[in-house]
Amino acid sequence: MPASLCLIIATFLWGSSFIALKYAIAIYDPALVIFLRMLTTLLISLCLWRYVIRFEYLKGDWKYLLGMSLAEPCLYFLFEGHAMEYTSASQAGVIVSCLPIIVAFLAFFMLKEHISRAIVVGFTLCIGGSILLTLLSPSSSQAPNPLLGNFLELMAMVCAAFYTVCIKHLANRYSPLTLIALQGVSGSLFFAPFLLFIDLPSENQHDLTALMSILYLGSCVTLGGYGMYNYAISKVSVLTAAAYSNLIPIFTLILSAIILNEVLTLGQWISIFVVFIGVMISQRHQELVVDIPNSTSGENISADTNHLKSVPEASESKG
């Protein structure tokens with residue numbers, strides 16, 4: 001399957017996850033929702049065990065595997081699960097637009113990659129637009145505390161960006177199902193202790209729509225969405241894959257209007273427009289000329305950023 005099609009399917013599934021999560025946490029505690037979601041993913045992965053065991057471990061991979069697992073699902077779902085208690089699905093979807101720029105900044109700090117002026121300007125506009133969206137969003141039944149909810153969603157995006165950088169180092173040696181199964185194990189173990197501190201629902205408190213939403217999150221979104229994404233990121237650069245996340249808020253806004261009947265105010269639409277302008281500016285990578293003295297002839301060599309990989313492949317040296 002083409003990587004672009006995989007990324008479009010993944011972003012649609014992730015965009016729909018905000019709707020399903022909103023339904024689920026309306027009935028159950030977020031910790032219980034995330035635990036059941038990861039348990040569902042783990043059980044399905046066990047049924048596909050012969051595909052899960054396809055990987056080639058290299059020395060030092062444990063750092064990326066551990067970082068990936070802690071960032072997403074553990075901390076990511078912890079932040080996002082509670083974010084949906086306080087903000088609307090449409091606002092949370094807009095915050096996702098900041099993901100590509102956060103990935104670029106993490107690549108700069110972790111991998112010493114170049115950041116263009118366009119990325120800096122776009123990052124500023126995206127963060128500013130997100131703050132403006134938060135300040136102009138009134139409290140409602142869908143968003144009782146948008147300030148807290150949007151901040152938690154932004155922290156979830158930081159975790160998602162770190163996950164993306166880690167995945168790029170692993171995707172060529174580990175099958176998508178291997179990484180998803182590891183997420184299922186780590187997520188189930190991480191959220192299981194939380195069940196000791198929450199009130200579990202009784203038999204008459206269950207809701208079929210909420211349970212189906214959890215099943216959808218654990219199977220279609222986590223298994224399908226992450227499977228598509230992990231496969232695609234092994235074929236394209238990390239910033240190219242992250243750029244497709246700009247489709248998530250579009251899918252979320254459309255689905256929120258259709259399913260949840262959410263209505264945005266004029267000020268919120270202006271804020272969303274600012275965020276998208278920032279995203280568009282950040283994609284305008286300028287040509288970077290690097291002068292490298294030739295040891296024999298003294299000539300300079302020009303390199304274009306379009307030929308530079310945002311994240312080194314697993315087999316490349318990062319010295």
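Residues numbered from 1 in each chain as written. Predicted model: local features only at pLDDT ≥ 70, side-chain atom pairs only at ≥ 80, totals over all residues. Heavy atoms only, no water.

Novice: Could you give me a rundown of the overall build of the protein, with the residues and numbers involved?
Specialist: Of the regular secondary structure elements, the protein holds 13 helices and zero strands. Listed by position from the N terminus, the elements making up the protein come as α-α-α-α-α-α-α-α-α-α-α-α-α. Here the protein holds 319 residues, and the buried ones make up 51% of them. A separation threshold of at least 6 residues defines the contact pool for the protein, and within that pool the share at least 24 residues apart is 88%. Total accessible area computed for the protein in this model is approximately 15,200 Å², and 67% of it derives from carbon and sulfur atoms. (Helix = DSSP H or I, 4+ residues; strand = E, 2+ residues; numbered from the N terminus. Buried < 20%, exposed > 50% of the residue type's maximum accessible area, 1.4 Å probe, protein only. Contact = heavy atoms within 4.5 Å. Areas by Shrake-Rupley, 256 points an atom, 1.4 Å probe, with all protein chains shown as cover.)

Novice: I'd like a description of the packing of aromatic side chains, backed by residues and values.
Specialist: Counted under the stated rule, the structure contains nine aromatic pairs. Taking 5.7 Å as the distance between ring centres and 85° as the angle between the ring planes, the aromatic pair formed by tyrosine 163 and tyrosine 226 counts as edge-to-face. A residue pair is termed long-range when its members are at least 10 positions apart, and tyrosine 163 in helix α8 (residues 146–170) and tyrosine 226 in helix α10 (residues 208–233) qualify at 63 residues. The exposure class of tyrosine 163 is buried, given its relative accessible area of 1%. Measuring from ring centre to ring centre gives 5.0 Å for phenylalanine 190 and phenylalanine 191, while their planes differ by 85°; the resulting arrangement is edge-to-face. You can call phenylalanine 190 partly exposed: its relative accessible area is 25%. A residue is classified by how much of its surface remains accessible, and phenylalanine 191, at 1% relative accessible area, is buried. Among the aromatic residues, ring-to-ring pairing joins Trp14, Tyr163, Tyr226 and Tyr229 into one connected group. (Phe/Tyr/Trp six-rings, centres within 6.5 Å; stacked < 30°, edge-to-face > 60°.)

Novice: Explain the packing of α8 against α10 to me, and be specific about the residues and the numbers.
Specialist: Contact geometry of α8 with α10 gives a least axis separation of 9 Å together with a crossing angle of 55°. Viewed along their axes, α8 and α10 adopt a mutual orientation that is oblique. As for the relative orientation of α8 and α10, their crossing is right-handed in sense. Each of Tyr163, Thr164, Ile167 and Lys168 in α8 lies in contact with α10, whose residues at this interface are Tyr226, Tyr229, Asn230 and Ile233. Here the residues of the contact of α8 with α10 sort into five nonpolar, two polar and one charged. (Axes fitted to C-alpha atoms, helices over the stretch in contact; angles between N-to-C directions. Parallel < 35°, antiparallel > 145°, perpendicular 65-115°, else oblique. Left-handed = near helix turned anticlockwise from the far one by under 90°. Nonpolar A, V, L, I, M, F, W, Y, C, P; charged D, E, K, R; others polar.)

Novice: Give a detailed account of the pattern of salt bridges, specifying residues and quantitative values.
Specialist: Scanning the entire structure with this criterion turns up one salt bridge. A salt bridge links aspartate 61 to arginine 173; the nearest nitrogen and oxygen atoms lie 2.6 Å apart. Placement of the pair is aspartate 61 in helix α4 (residues 61–86) and arginine 173 in the loop between α8 and α9 (176–191), with a sequence separation of 112 residues. By relative accessible area, aspartate 61 is classed as buried at 4%. Of the residues examined, arginine 173 reaches a relative accessible area of 13% and is grouped as buried. (Salt bridge = Lys/Arg side-chain N within 4 Å of Asp/Glu carboxyl O.)

Novice: A description of the packing of helix α2 (residues 30–47) against α9 should follow, citing residues and the corresponding values.
Specialist: Where α2 contacts α9, the axes come no closer than 8 Å and their chain directions differ by 145°. Judged by the twist between their axes, the crossing of α2 over α9 is left-handed. Within the contact between the two elements, α2 uses Ala31, Ile34, Phe35, Met38, Leu39, Thr41, Leu42 and Ser45 and α9 uses Ile180, Ala181, Gln183, Gly184, Val185, Gly187, Ser188 and Phe191. Of the residues assigned to the contact of α2 with α9, the class counts are ten nonpolar, six polar and no charged.

Novice: A description of a nonpolar patch on the surface should follow, citing residues and the corresponding values.
Specialist: Taken together, the side chains of Leu43, Leu46, Trp49, Ile53, Phe55, Tyr57, Trp62, Leu66 and Leu70 define a hydrophobic patch exposed on the protein surface, amounting to about 960 Å² of accessible area. At the level of elements, α2 and α4 are the ones that each hand at least two residues to the nonpolar patch. With three residues, the single largest contributor to the nonpolar patch is α4. The partly exposed category is assigned to tryptophan 49, whose relative accessible area is 48%. (Patch = residues over 30% accessible without salt bridge, like charges linked within 9 Å, V, L, I, M, F, W, Y side chains within 5 Å.)

Novice: Describe the nonpolar core, listing the residues and the values that go with them.
Specialist: Core analysis: the largest hydrophobic core is formed by 68 residues, its most contacted members being Val33, Tyr76, Met157 and Tyr229. Setting aside its immediate chain neighbours within four residues, tyrosine 76 contacts Ala71, Ala156, Met157, Cys159, Ala160 and Tyr226. (Core = buried A, V, L, I, M, F, W, Y, C linked by side-chain atoms within 4.5 Å.)

Novice: I'd love a proper account of empty space enclosed by the protein, names of residues and values included.
Specialist: Counted under the stated rule, the structure contains two cavities of 30 Å³ or more. As a volume, the largest cavity reaches approximately 190 Å³. Forming the walls of the largest cavity are 18 residues, and the residues nearest its centre are Trp14, Glu72, Tyr76, Ala160 and Tyr226. If you list the elements that add at least two residues to the lining of the largest cavity, you get α1 (3–25), α4, α8 and α10. (1 Å grid on protein atoms, 1.4 Å probe; cavity = no way out; pocket = protein on both sides within 12 Å on 5 of 7 lines; lining within 4 Å. Points joined across faces, edges and corners; volume = space filled by probe spheres on them.)

Novice: Which residues make up the confidence of the model for the protein, and what values do they have?
Specialist: Counting all residues, the mean pLDDT for the protein is 78, and 80% of those residues have values of 70 or more. Ranking the helices and strands of the protein by mean pLDDT puts α2 first, with 91, and helix α7 (residues 117–136) last, with 70. Segment residues 285–319: pLDDT under 50, and 48 contacts once partners within four positions in sequence are set aside and those in other chains are kept. (pLDDT = per-residue confidence, 0-100.)

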